[in-house]
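The lines below spell out each chain.
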Amino acid sequence: MINNPLECWLNLRMGRPLDSGAVSPEDLREWQFELLRKTIKHAAKSSQFYSKHLSGIIPENIRTPADLSALPFTLPSDLRKNPNSFLCVSQDEVARAITISSSGSSGPPKRLFFTAGDLERTIEFFHYGMGPLVGKGETVLALLPDSRPGGVGNLFSESISRLGAKTVYPEDPSDIPALLNLLLNSRATCILGPAIHIHALSRLWKSKRLPKNQVRSALLCWDVLPSVTIQTISNTFGCEIFSHWGMTETCLGGAVECFQGSGMHLREPDFYVEIVDPATGLPVPDGTSGEILFTTLSRRAMPLIRYKTGDIGQIISGPCTCSLPMRRLTGVTGRLNGDIRLPTSEQLSLSELNEIILQFVGVLDFKVSFQQHPPSLNITLDISPEAKIPSDLSKSIISYPKLNRAIVENDLKINIEIDNHNGNISSGFGKRLITSA
Ligand SMILES: [Zn+2]
């Protein structure tokens with residue numbers, strides 16, 4: 001008896017009969033390594049980059065995670081330098097090319113190529129992964145990058161249409177009043193998007209005393225999930241919150257939660273994920289935080305082997321109560337090197353500021369930049385149209401122990417200003433960061 005749509009998907013992908021029961025973690029791992037060896041062979045044979053990068057590697061010898069950990073990393077800078085050198089198929093077979101100019105990254109943009117089959121596998125993942133969240137005839141409000149016709153965000157609406165549901169997209173996801181109107185008018189029961197956008201939407205929704213019973217579920221994607229935003233969204237809409245991890249390099253879909261708070265099941269038919277110690281590059285045990293790396297297992301156009309994502313997370317040890325054998329990712333709390341060093345030498349992360357600043361009702365979003373000399377932390381707020389800068393906000397920031405020490409010992413200045421006061425927010429789809437001035 002198969003209940004979970006993702007279990008059904010896994011059986012289909014592994015070519016097993018649907019009534020063959022749950023896949024064991026051991027069988028899944030063995031199948032993944034078979035795909036991994038094929039990927040290494042395909043990449044070394046067909047891509048200019050990997051034919052050099054993997055020279056001397058014998059794919060048949062890669063049978064365990066320890067064997068894999070001996071292979072070199074693929075860096076985002078390798079992708080920026082010469083994306084065409086990764087291509088393993090002819091240009092005719094490329095169904096879509098995506099260019100990403102990541103926020104906070106320097107140098108030329110990354111370019112990614114996908115065949116029709118590569119795209120179809122993402123549609124399938126969303127189709128089965130969204131099954132528990134969306135019913136037939138329902139509407140999803142989706143805040144996705146590149147959701148124009150033919151864009152990669154449109155893969156999502158294709159998967160939703162296979163569930164008999166439909167998707168609506170905002171013209172400008174940062175225009176929160178327009179987003180609120182779209183949510184009301186479309187009667188959407190599920191929202192998908194970055195936590196900060198949905199958090200801002202829920203703040204406006206609550207300020208207008210709109211009802212709790214429209215939205216049933218929210219899938220939070222693309223960036224870290226501050227606990228304060230999860231609470232706000234859940235309390236405002238009275239909905240279940242599911243987390244998702246992914247990036248354009250994973251063709252958006254990467255991992256999705258089965259139940260609220262259970263950790264995100266990795267998209268293991270398409271990726272083998274490793275967590276490594278950022279300092280040593282060595283794999284860390286389950287339950288330990290480190291940098292997330294992935295190797296594609298089914299990508300034809302542009303396989304990536306041990307790709308360093310720059311995201312921090314950990315694998316939950318042990319099985320999930322839902323019985324899915326796919327491992328679970330959790331604790332995706334930020335980016336590698338995303339912290340700043342205060343003049344006291346203490347590290348400060350955006351996650352810490354999220355928890356302090358976003359708890360205030362009038363605050364929809366904020367940006368932070370840090371200047372070393374003279375030391376200052378500059379915060380610009382996006383606040384609700386009828387709100388003012390909360391009177392206790394400054395007090396909460398300067399009394400935060402790390403910041404307080406830097407203020408007292410090094411004369412750190414804290415500047416707080418308003419940026420948007422019309423309901424718009426500053427964040428786009430890039431990962432939010434503390435910028436250095
Ligand atoms: Zn589960």
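Bear in mind that the values here come from a model prediction, so they are computed numbers and not experimental data.

Trainee: Explain the overall build of the protein chain residue by residue, including any values.
Mentor: Secondary structure assignment for the protein chain yields 13 helices and 19 strands. For a compact globule of 437 residues, the expected C-alpha radius of gyration is about 22 Å, and the protein chain comes in at 22 Å, within 12% of that figure. On the principal axes, the C-alpha backbone points of the protein chain span a range of 65 × 50 × 40 Å. Within the protein chain, buried positions represent 55% of all 437 residues. Total accessible area on the protein chain is roughly 18300 Å²; 51% of this is exposed by carbon and sulfur atoms. If the 43 positive side-chain charges of the protein chain are averaged to one point and the 43 negative ones to another, these points end up 2 Å apart.

Trainee: If you had to explain the pattern of salt bridges to someone new, which residues and values would you point to?
Mentor: Counting across every chain of the model gives 19 salt bridges. Its salt-bridge partner being Lys-41, residue Glu-60 comes within 3.1 Å of it at the nearest N-O pair. You can see Glu-60 sitting in the loop between helix 3 (48-53) and helix 4 (65-68) and its partner Lys-41 sitting in helix 2 (residues 25-46), a full 19 residues away along the chain. Residue classification places Glu-60 among the partly exposed positions, given a relative accessible area of 37%. For Lys-41, a relative accessible area of 43% corresponds to the partly exposed category. The salt bridge involving Glu-249 is made with Lys-110; its shortest N-O contact spans 2.6 Å. Here Glu-249, found in the loop between strand 7 (240-245) and strand 8 (255-257), pairs with Lys-110, found in strand 2 (residues 110-115); they are 139 residues apart in sequence, far enough to count as distant. One connected set of salt bridges, linked through shared partners, spans Arg-13, Arg-267 and Asp-270.

Trainee: Break down the domain arrangement of the protein chain for me, with residues and values.
Mentor: Here the domain parsing of the protein chain yields domain 1 (5-120 + 258-335), domain 2 (133-245) and domain 3 (340-436). For domain 1 versus domain 2, the distance between C-alpha centres works out to 27 Å. By the criterion of area lost to domain 2, the three top residues of domain 1 are Arg-96, Gln-260 and Met-264, representing 44% of everything that side buries. Taken together, domain 1 and domain 2 are joined by 1 salt bridge. Salt-bridge contacts for Arg-162 lead to Glu-120; the nearest nitrogen and oxygen are separated by 2.9 Å. Counting across the domain 1 and domain 2 interface gives 2 residue pairs in polar contact (both at pLDDT 80 or more). Elements represented by at least two residues in the side of domain 1 that touches domain 2 include exactly strand 1 (94-100), helix 6 (116-129), strand 11 (290-296), strand 12 (307-316) and strand 13 (328-335).

Trainee: Go over the packing of aromatic side chains with me, naming the residues and quoting the values.
Mentor: Summed over all chains, the structure comprises 10 aromatic pairs. Arranged with centres 5.5 Å apart and planes meeting at 90°, the rings of Tyr-50 and Phe-86 form a pair that is edge-to-face. Taken together, the positions of Tyr-50 in helix 3 and Phe-86 in the loop between helix 5 (76-81) and strand 1 put the pair 36 residues apart, joining distant regions of the chain. Taken together, Trp-9, Phe-125, Phe-126 and Phe-156 form an aromatic cluster joined through their ring pairs. The ring of Tyr-272 carries Arg-327 above its face, with NZ or CZ at 4.9 Å from the centroid. Arg-432 extends its terminal NZ or CZ atom over the ring of Phe-366, reaching a point 5.0 Å from the ring centre.

Trainee: Residues and numbers for the sheet that holds strand 4 (residues 166-168), please.
Mentor: Read across the open sheet, the 11 strands follow the order 4-3-5-6-7-8-9-13-12-11-10; overall the sheet is mixed. Single-partner strands in this sheet number two, and they are strand 4 and strand 10 (271-276). Put simply, the sheet's adjacent strands are angled 35° from each other on average, direction ignored. Taken together, the 2 bridges between strand 9 (residues 264-266) and strand 13 define a ladder with antiparallel strand orientation. Each bridged residue has a counterpart across the sheet, and for His-265 the counterpart in strand 13 is Arg-328.

Each value, and the rule that gives it
Residues numbered from 1 in each chain as written. Predicted model: local features only at pLDDT ≥ 70, side-chain atom pairs only at ≥ 80, totals over all residues. Heavy atoms only, no water. Helix = DSSP H or I, 4+ residues; strand = E, 2+ residues; numbered from the N terminus. Rg over C-alpha atoms; globule rule 2.2 N^0.38 Å. Buried < 20%, exposed > 50% of the residue type's maximum accessible area, 1.4 Å probe, protein only. Areas by Shrake-Rupley, 256 points an atom, 1.4 Å probe, with all protein chains shown as cover. Lys, Arg positive; Asp, Glu negative; His and termini not counted. Charge placed at Lys NZ, Arg CZ, Asp CG, Glu CD. Salt bridge = Lys/Arg side-chain N within 4 Å of Asp/Glu carboxyl O. Domains from an automatic or database assignment. Buried area = accessible area lost by both parts, 1.4 Å probe. Polar contact = N/O pair within 3.5 Å; in protein donor to acceptor, adjacent residues only side chain to side chain. Phe/Tyr/Trp six-rings, centres within 6.5 Å; stacked < 30°, edge-to-face > 60°. Lys NZ or Arg CZ within 6 Å of the ring centre and 35° of its normal. Pairing = 2+ DSSP bridges. Axes fitted to C-alpha atoms, helices over the stretch in contact; angles between N-to-C directions.

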